[in-house]
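Observations on chain architecture
As a plain string of letters, each chain reads:
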Amino acid sequence: MDDLSSLLMLSNLLHLQTYLDPTTSSPPSPSSLPSTSSAAAPLLFFAIASVLSYASSSLRDRRPRRRRRCHSSSSLSPPPRPSRSLASASSAFFLSPDRALSMDPSSRDTRFRSLYGISYPIFETLLKSLRHLDAASLPSSLPLDRALSISLSRLSRGLSSRSLARSLGVSPSIVSRCTHALTRLLSTRLYPHYVTLPTTPDHLLSTIQFFKDLTGLPNLAAAIASSPVRLRPSSPSDSAAEYGADLLRSTSRSFPSILLQAVSDHRKIFLDACVRAPGSSDPASHFRESSLYHRLLDEDNPLPFRDNIITVHGQRARSYLIGDSSYPLLPFLLTPFSTPASSVSSASTSGAYAREMFDSALAKGRAASVEAAIALLKGRWKILRNLNVGLDHAAQTVVACVVLHNMCQFAKEPEDEGRYMWRDPPESSQSASLVDSERSLSYLGKTLRQALADDLYERQHKHSSGAR
């Protein structure tokens, strides 16, 4: 028994003895007064009890409070359970196969699109493809469907690895490893299966017919455009200064970026994608560095573009691409005349009207194909609006999203413009400058462009005259 307990017990006993002493029950009479020692005993006991009570209270006040002992790893007590909110947030990002199969197909696809940006059938197709590929780079501690769901959640939601890790209750390194492994497999192993130029004449002819109905231009096969993808460092060490601020920034935009060059058909399906240039590069230089440029230049390279040839105003016209004025004018890539609107409105010559019609047709064709495809790409995969990965993984992430976009287009996924379309702020494009090796090709391009413009004007003029 410690000192404090002894003092309290002794104090209580003395108080009890004083209370029960008979000499204090009634006032003493003069004839029966006790002796001095006996009469003073109760008062003495009461005084001692008061001193002991005061001492015990003083010791109690000065005694340090005991702290709760922390549970060590060797403690038998169970560790604290994770919060209910964290567990529910983690389960909200992942649907188990059993739960997915038990859901109504329509509700299940809607749920999968909200979580992963794709419907359940596309998720299953992608999962089967990954099982046949070398997925050793994916974390072995996670099931393959779990790793896939983590990667798609990050790509479709645009969250950083740290933000998504907090929601899932995993480490940021797990999220990064899953994302990098998936984007690498998509951009290398699955890219040739989902992103390719027309390989059959029927595919090419159906595209040509659509563009002719839309624009009035014959033999138009696809459209090309360049779009900046904004970079956001994924960690403090991945700063724009380390990347090279001058390389990643251009005069028209203040943020660091890389360039996406994309070719699309009328179905908003990408036929080619290239990410090889920093934001400071111009689209023409990027185009010349791409494999598509060299394939189009190579006469021996078998392409459907070369096999489909028509004659327009005495000029042989192979299937061609269209782009804006930031691309060079070549016989396989036609660009606008870029005639100022003021001079066109005041001119009365048929040549001016023909140029205006041609430029309007090109703008309509680009808007319905490649520009809409890029807007849909960035709408579905929000990570492309502010790319929060390291520069060494930036290009493969963009190309991987292109593959996922085509998978959605092949499956005819919804294209709700209000939800999925993402339009970048407009930028003023500069006219592309020619290189020496393109001089002769540019002359052929000008000749073909003028022939197509005159043909378009004449057909429109005849149509208008016949309608009167």
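None of these values were measured; they are calculated from a predicted model. (Residues numbered from 1 in each chain as written. Predicted model: local features only at pLDDT ≥ 70, side-chain atom pairs only at ≥ 80, totals over all residues. Heavy atoms only, no water.)

**A short note on the overall build of the protein chain**
To keep it simple, the criterion reads: Going along the chain from the N terminus, every DSSP run of H or I of four or more residues is numbered as a helix, and every run of E of two or more is numbered as a strand. Each residue's exposure class comes from its accessible area (1.4 Å probe, protein chains only) as a fraction of the maximum for that residue type: buried when under 20%, exposed when over 50%, partly exposed otherwise. When checking whether two residues touch, look at their non-hydrogen atoms; a contact exists if any pair is within 4.5 Å. In short, Shrake-Rupley with a 1.4 Å probe defines the accessible areas, and a residue's cover is counted only from the protein chains shown.
From N to C terminus, the protein chain includes 21 helices and 7 strands. Here the protein chain holds 468 residues, and 44% of them are scored as buried. Within the protein chain, residue pairs in contact and separated by at least 24 positions form 71% of the contacts whose partners lie at least 6 positions apart. For the protein chain, the exposed surface amounts to about 25,100 Å²; the carbon and sulfur share of it is 55%.

**Things to note about the layout of surface pockets**
Applied cut-off: Cavity: a set of points on a 1 Å grid over the protein atoms alone where a 1.4 Å probe fits but cannot get out. Pocket: an open set with protein on both sides within 12 Å along at least five of seven lines, its lining residues, like those of a cavity, having an atom within 4 Å of a point. Grid points are joined across faces, edges and corners, and a volume is the space filled by probe spheres set on the points. Residue polarity is assigned by list, with Asp, Glu, Lys and Arg as charged and Ala, Val, Leu, Ile, Met, Phe, Trp, Tyr, Cys and Pro as nonpolar; anything else, Gly included, falls into the polar class.
Looking at the largest pocket, its volume works out to about 970 Å³. Listing elements by their share of the lining of the largest pocket, those giving two or more residues are β1 (220–230), α13 (283–289) and α18 (370–380). A total of 5 residues in the lining of the largest pocket trace back to one element, the largest contributor, which is β1. Grouping the constituent residues of the lining of the largest pocket by class yields 12 nonpolar, 15 polar and 10 charged. In this structure, the second largest pocket encloses a volume near 440 Å³. Lining the second largest pocket are 17 residues, with Arg316, Arg318, Pro331, Phe332 and Leu444 positioned closest to its centre. Looking at the lining of the second largest pocket, the elements with two or more residues in it are α14 (291–297), α15 (304–307), β5 (315–318) and α21 (439–467).

**Structural notes on the packing of aromatic side chains**
Rule in force here: Two aromatic rings, drawn from Phe, Tyr or Trp (for Trp, its six-membered ring), form a pair once their centres lie within 6.5 Å of each other, and the interplanar angle then sorts them: stacked below 30 degrees, edge-to-face above 60, tilted otherwise. Counted as over-ring charges are cases with an Arg CZ or a Lys NZ within 6 Å of the ring centre that also lie within 35 degrees of the ring normal.
Enumeration over the complete set of coordinates arrives at 9 aromatic pairs. Plain terms: the ring middles of phenylalanine 210 and phenylalanine 211 are 5.8 Å apart, the flat faces sit at 75° to each other, and that makes the pair edge-to-face. The structure contains a cluster of three or more aromatic residues connected by ring pairs, namely Phe112, Tyr116, Tyr120 and Phe123. Above the plane of the ring of phenylalanine 337 lies arginine 449, whose end atom (NZ or CZ) is 4.2 Å from the centre.

**A word on the nonpolar core**
Inclusion rule: The set of buried Ala, Val, Leu, Ile, Met, Phe, Trp, Tyr and Cys residues whose side-chain atoms join them within 4.5 Å is what this entry labels a nonpolar core.
Membership of the largest hydrophobic core comes to 71 residues, with the highest contact counts inside it found for Leu152, Ile258 and Leu387. Sort the elements by how many residues they give to this core and helix α19 (residues 391–410) lands first, with 10 residues. If sequence neighbours within four positions are ignored, leucine 152 has contacts with Tyr116, Ile118, Phe123, Leu126, Leu182, Trp381 and Leu404. If you look at the next biggest cluster of nonpolar residues, it comprises 19 residues, including Leu292, Leu321, Leu330 and Phe332.

**Details of the pattern of salt bridges**
Under the convention used in this document: We define a salt bridge as a contact between a side-chain nitrogen of Lys or Arg and a carboxyl oxygen of Asp or Glu at a distance within 4 Å.
Using the criterion set out here, one finds 8 salt bridges in the structure. Arginine 439 is the salt-bridge partner of aspartate 436, the closest N and O atoms lying 3.9 Å from each other. Of the residues examined, arginine 439 reaches a relative accessible area of 48% and is grouped as partly exposed.

**Quick notes on the pairing of β5**
Note the following rule: DSSP bridges decide pairing: two strands pair if at least two such bridges lie between them.
Sheet topology note: the strand β4 (residues 309–312)/β5 ladder contains 4 bridges and is antiparallel. Residue threonine 311 lies in a different strand from β5, and its bridge partner there is arginine 316. Linking two consecutive strands that pair antiparallel, namely β4 and β5, is a turn of 2 residues; a positive phi of about 55° is found at histidine 313 within it.

**Topic: the pairing of β1**
In terms of residue burial, β1 counts as a mostly covered element, since 9 of its 11 residues are buried. Relative to strand β6 (residues 320–322), β1 is paired through 3 bridges, and the arrangement is parallel. Among the inter-strand pairings, alanine 223 is bridged to a residue of β6, identified as isoleucine 322. Direction of pairing for β1 relative to strand β2 (residues 257–264): antiparallel, over a ladder of 8 bridges. Bridge pairing in β2 places proline 228 opposite leucine 259.

**Let's talk about the sheet that holds β6**
How we decide: For helices, the fitted axis covers only the stretch in contact; all axes are lines through C-alpha atoms, and the angles between them, taken along N-to-C directions, range from 0 to 180 degrees.
Taken in spatial order, the 5 strands of this open sheet run β3-β2-β1-β6-β7, and their pairing is mixed. Pairing within the sheet leaves two strands with one partner each, and these edge strands are β3 (270–278) and β7 (333–334). Sheet strands touched by α19: β1, β2 and β3. Its angle to β3, the strand with the most contacts, is close to 165°.

**So, helix α8 (residues 161–168)**
Owing to its 3.6 residues per turn, the α-helix brings residues three or four apart onto one side. Note the threshold: Note that the arc is computed from the directions linking the helix axis to the C-beta atoms.
Burial in α8 covers these residues: Ser161, Leu164, Ala165 and Leu168. Considered in projection along α8, the buried side chains sweep an arc of 105° and stay on one side of the axis. Facing away from the buried side of α8 by over 90 degrees, the exposed positions are Arg162 and Arg166. Just downstream of α8, glycine 169 is the residue with a positive phi angle, here 75°.

**Section: a positive patch on the surface**
Selection criterion: Like-charged residues within 9 Å of one another, or nonpolar side chains (Val, Leu, Ile, Met, Phe, Trp, Tyr) within 5 Å, are grouped into patches, provided each residue has over 30% relative accessible area and no salt bridge. Here Asp and Glu are counted as negative and Lys and Arg as positive; His is not counted, and neither are the chain ends. Lysine's charge is taken at NZ, arginine's at CZ, aspartate's at CG and glutamate's at CD.
A cluster of basic residues, Arg99, Arg111, Arg157, Lys382 and Arg419, forms a positive patch at the surface. Along the chain, arginine 157 turns up in helix α7 (residues 144–157).

**Here we look at unusual backbone geometry**
Not every positive phi belongs to a glycine, and histidine 313 is a case in point at roughly 55°. Mapped onto the elements, histidine 313 comes out in the loop between β4 and β5.

**Here we look at the environment of alanine 453**
Assignment of secondary structure puts alanine 453 in helix α21. Judged by its relative accessible area of 0%, alanine 453 is buried. Aside from chain neighbours lying at most four places away, what touches alanine 453 is Phe337, Ala354 and Phe358.

**Observations regarding the packing of α8 against helix α9 (residues 172–194)**
Two quantities define a packed helix pair, namely the angle between the axes and the distance from one axis to the other. We apply this condition: Should an angle fall under 35 degrees it is taken as roughly parallel, and over 145 as roughly antiparallel, whereas 65 to 115 is taken as roughly perpendicular and any remaining angle as oblique. When the near helix sits turned anticlockwise from the far one by under a right angle, the crossing is termed left-handed; a clockwise turn instead gives a right-handed crossing.
In contact at an axis separation of 8 Å, α8 and α9 are set at 115° when each is read in the N-to-C sense. The orientation of α8 with respect to α9, classified from their angle, is roughly perpendicular. Seen along the crossing, α8 lies across α9 with a hand that is right-handed. Taken together, the residues of α9 that come into contact with α8 (itself represented by Ser161, Arg162, Leu164 and Ala165) are Pro172, Val175 and Ser176. Among the residues forming the contact of α8 with α9, the class breakdown is 4 nonpolar, 2 polar and 1 charged.

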